[in-house]
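Observations on chain architecture
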Amino acid sequence: MLLVPCPHCGPRNASDLAYVGEARRRPDPAATSPSQWREYLYLRSNPAGLLRETWYCRAGCGRYFVVERDTVSNTFSAPPVPGRKTGRGA
Amino acid sequence: MSLPSRLPPQPTEVIDRSRVLEFSWNGRPLTGFDGDTIASALAASGKGIVSRSMKYHRPRGLLTADYWDPNALVQVGDEPNVRAAHRRLEAGMRVSAQNAWPSLERDVRAANGLVQRFLTAGFYYKTFIRPRRLWPAYEKVLATFAPGGRVDLQTPHGRHDKRYAHPDVVVAGGGPAGLVAATHAARAGARVMLAEHEYRLGGHLLWGEAQDVALAVRLADEAARAGVELLTDSTVTGRYEDNWVAIAQRSHPGVAERLIKARAKMLVVAPGLVERPYVFAGNDRPGVMTSGAVRRLVRMYAVKPGERAVVLTANPDGDAAVAALRAAGVEIVAVVDARAGEGIVAAHGTARRVEAVELEDGRTLPCDLLVTAVGWTAPTSLLNMAGDRPDFDPTSARFFGSDALEHVLATGGLAGDGDSDGHSLLDHAAQTGRLAAARAAVVAHRLQARTAHAAAVDGEEPPWPADTRSALPREPHPGLFRARTHGIVDYSEDVSSKDLVAAAAEGYDHIELLKRYTTATMGPSQGKLETVNTVAVLAELRGQSIGEVGTTVWRPPYAPVSLGALAGRIFEPKRVSPIQPWHEAHGAHPIVAGQWIRPEHYGDPAAEVVRTRTGVGITDVTPLGKLDLQGPDVPLLLSHLYTGRWMKLPVGSVRYGVMCGEDGVVLDDGVTGRLGEEHYLMSTTSSGARTVLEWAESWLQTEHPQWRVHLTPVTDAFTSINVAGPHSRTLLARLTDDIDLDPESFGFMRVRRGAIAGSPDCVVWRIGFTGELSFEVHVPSGYGLHVWQALLEAGGDLGVAPFGLEAQRIMRLEKGHFIVGQDTDGLTQAPTTGLGRLIALDKPDFAGKPELAWALQQPQAPHLVALQPVDPRVVPDEACQIVRAGTDEILGRITSSRMSPTLGRGICLGQVAAEVAHPGAEVTVRLTNGERVLARVLEEHAHFDPEGARLRG
């Protein structure tokens, strides 16, 4: 099982967290088009390589954070970003 | 006591002759000694046949006489597929053969052997495809051929457990290399856990000479004294990301099996080598064994495996088998030395025993035992699982690990061979242990440094220790895989080399295809005996080397794992309200709702409805999700989560709201009350409490971190009681002095705080899920049972009685209130529920707003409507389809349906197509039995009191 680097709790079993998904920007709801909004809802880049993704530390600190993972080696390649505006994923 | 094949005491035997164990074999009484395996006890009693093969039902004897023996799966009592050459004999065991009917001796399905040529690879795929209508018949026939033991459905669930461990080093394998590596890692300061799948530590030393056994004892003793946690009868079944190592431990007292989940900083892989069988005609006749099998039987169990032996040897282990057989008094008819170019062609005899062996030089020699020592499979599975791709070395005729992994190290037979006295091998193991400990220390430093709140780490991260181990020599070994005849390659799956040739000729000539098409390597030994021979047969066909063909990828598990071990102990929590003991004492029928256990009814839900509608009832709604919200920006959050308007909710008021996801689909609903200037209490559905908390937090933490709101889940902090019915105000008034219940001051959708029955800090809101005048009382949970009992005592003259979840569901359906997840599904956007008026598109933003704006412009979306069957006696099952009259075209479905005690007729909610979603429309409901009935669409969702006079009273 993957060890996920929570910025607050340290490395934790992936089963302690919820995988939220690819971190992405929410379109401005006042200006968005159906295609933009549905891209935000449903389309994922699914890269073979680096992916910025959101995790939720469900059994730990209860914080959402964004971290970069290499989907080929399944290793986290950049330190996680705690708190602040981190982008959504749902 | 003397048994036909038991030898006089041997210096290296592991049996205790002073302890005789009685057991039964196919119903007949037999005996063995303490320390015997089931298989060695059978062998000692002269039982040469231990099973029938899976497809052809051929008699099979011991082949490897160890954990991997493919022929030695037996039934023990109610436990199927027990590894008889591994499992220790116990007194009273009822052992029986598998795949044998009516008996092991006379198996009628051995007739399969006659039609063998029709049962070749792909047989199932080809034979049972057409005609489709015969599938059920095929299934019945195939079921009688299904291999394996008998599952007893009456067997109680065994006790299983889980353990989480965080060792520095896990060592897989308790042979000499594993023991030495573990000892040296522990001496270097690492916490070490070692798992060995056999009962004894020492690996191949145990079937060697007396001095080998003495060395095994010494190495195990050193490991124990160094502080290594030694797990015997325990298998490392898999290695996953970040060295997450699964160990199936069968030796833990009190449980059938325990799954250890170890987060190893370093993993040392030392499983040794597995002896490979040889492929030739007749190689599955009883009496054909590997050299390891005869050495184990003679040295460990004092069993004479035959009277007259021919030994095919290509290595010192084969030579040692010759010595062991001689010492046991077995006549050596011939030693066929493959290193000198000698070879065998076929084993002849009956299906029950080998009787002669045909040699390459043309001789045919009589014998009842044919021993082969043709080389090894390197069980590199754990290295493969870590991403390594082992290389085949044709000079040594086996695979070796590549040493390319940082957190997984191999030693022992996977790394090379020792010199003649074995010292270089133990040296390599010691270096491996020390390297593992040094690297584990760096990993520990990293983990601690990455934990922000951990104690500060000492100093800089140490440099990553380089692998400076001296490489082990590799002994040359002849490449012996198949004689010039064809024989069995996979004993578990009854796949012969001829089957592989046929499959390759059909085009399945890639190793991964060949494996799946023929099922070779897919049986209980998971390729340990079969993979390399399969590859070799294919390589020969394709004119390539074994390295060029490559192996199949070895995935978890290393060895089969029981489902019980995976399930472990069930940790799913059960939640109950503080009133639950009262419910149980008063005849409540329980219902499981998510994690909660709550009263469904107290005997007669219809009567509970009538009592509540005519008098007063109380119900325990503690599972209702509750969130405490505090801070100046709570209105901003509420306005964002709910579709409606929340910026101006006055203190003392509650409001109903619907939440949607960003896709506009209904996520949850409930009421939220404003208790104070900056203090709110939100209720959610029982199952949605967790989701709503995480949903709200996600907005606060990602899009709007500037909002000053603090969320606290308080579901369990309150016991929630709904007091409903015309007399509810009268009843509640008797229990409170400081809440003014006067309808003028405490109107519908208002909230008050105060003491109820002497319990302070209760929150009371006046809402009406049941459609009656009702008060929902949230009591600090410690006082919940007290308030519940006080309500019952105070309302005796009013006829107060409890009602359960079912009565509540009936009443809400009479009132037309939908339930999220019951009347809505994963595609139901808010406008479908008829609550379009609660969608405030003039708000600048809220969750799902763009999608809802577009949805409101879609008149074709389904509508949630109230329906009544024209025949009042009809109560359609929930999920019945609504179809276009005279056709099967689906127009919708019934989402809720009950017999209404109040109206005396069937009532429903349903989602229907827009074209029929108008009052008075008649739709066709197709009942579960296929019958079609008419139902009429109502104007309102409410079947009862649509004006709401009762709840506003």
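Every chain's residues receive numbers from 1 upward, in the order its sequence appears when written. Throughout, the order in which chains and ligands are written sets their labels, letters from A for the former and numbers from 1 for the latter. pLDDT decides what is reported in this predicted model: residues at 70 or higher carry local features, side-chain atom pairs at 80 or more are listed and counted, and totals for whole chains, interfaces and linings draw on all residues regardless.

With that settled, the discussion passes to the overall build of chain A. Every helix listed is a DSSP run of H or I at least four residues long, and every strand listed is a run of E at least two residues long, numbered separately from the N terminus. When its secondary structure is counted, chain A shows one helix and six strands. Each helix and strand of chain A, placed in order from N terminus to C terminus, yields the pattern β-β-β-α-β-β-β. To assign burial, the other C-beta atoms lying within 10 Å of each residue's own C-beta are counted, with C-beta atoms placed from the backbone; 20 or more indicates buried, 12 or fewer indicates exposed, and intermediate counts indicate partly exposed. Taking all 90 residues of chain A together, the buried fraction comes to 27%. By definition, residues are in contact whenever their C-beta atoms, placed on the basis of the backbone, come within 7 Å of each other. A separation of at least 24 residues holds for 52% of the contacts in chain A among residues at least 6 apart in sequence.

The subject of this paragraph is the interface of chain B and chain A. Each side of the interface is counted separately: chain B has 23 residues, and chain A has 25 residues. Listed by contribution, the elements that provide at least two residues to the side of chain B that touches chain A are α18 (689-703) and α22 (849-855) of chain B. With six residues, the top contributor of residues to the side of chain B that touches chain A is α18(B). Classification used: nonpolar for Ala, Val, Leu, Ile, Met, Phe, Trp, Tyr, Cys and Pro, charged for Asp, Glu, Lys and Arg, polar for all others including Gly. Across the side of chain B that touches chain A, the residue classes tally to eight nonpolar, four polar and 11 charged.

Another point: helix α21 (residues 805-815) of chain B. All names here are of chain B. Counting buried positions over the 11 residues of α21 gives 10, a clear majority of the element. For α21, every residue scored as buried is listed here: L805, E806, A807, Q808, R809, I810, M811, L813, E814 and K815. Lining the buried residues of α21 we find β30 (589-593), β31 (596-601), α16 (605-614), β32 (617-620), β45 (890-900) and β46 (905-912). G816 sits one or two positions beyond α21 and adopts a positive phi of about 80°.

Further remarks concern unusual backbone geometry. Omega for the bond connecting P556(B) with P557(B) falls within 30 degrees of zero, at 0°, which places this linkage in the cis form. Examined against the element boundaries, P557(B) turns out to sit in the loop between α13 (546-549) and α14 (563-567). Although it is not a glycine, N74(A) sits at a positive phi angle of roughly 55°. Within the secondary structure, N74(A) sits in the loop between β5 (64-70) and β6 (75-81). Positive phi outside glycine occurs at D945(B), with the angle close to 50°. Take D945(B): it is sitting in the loop between β48 (932-937) and α23 (949-952). The class of D945(B) is partly exposed, set by 19 C-beta atoms lying within 10 Å.

Across chain A, pLDDT averages 87, with 86% of residues at or above 70. Per-element averaging of pLDDT across chain A places β6(A) at the bottom with 75 and helix α1 (residues 34-42) of chain A at the top with 96. Per-residue confidence from the predictor is reported as pLDDT, which spans 0 to 100.

A few words now on the sheet that holds strand β12 (residues 234-240) of chain B. All names here are of chain B. One open sheet accounts for four strands, arranged β8-β14-β13-β12; its pairing is mixed. In this open sheet, the two strands that pair with only one neighbour each are β8 (160-165) and β12. If you compare each strand with its neighbour and ignore which way they point, the axes differ by 20° on average. Across six bridges, β8 lies against strand β14 (residues 257-263) in parallel orientation. The rule for pairing is simple: two strands pair if DSSP sees at least two bridges between them. A fitted line through C-alpha atoms serves as each axis, taken over the contacting stretch for helices, and the angle formed by two N-to-C directions is quoted from 0 to 180°.

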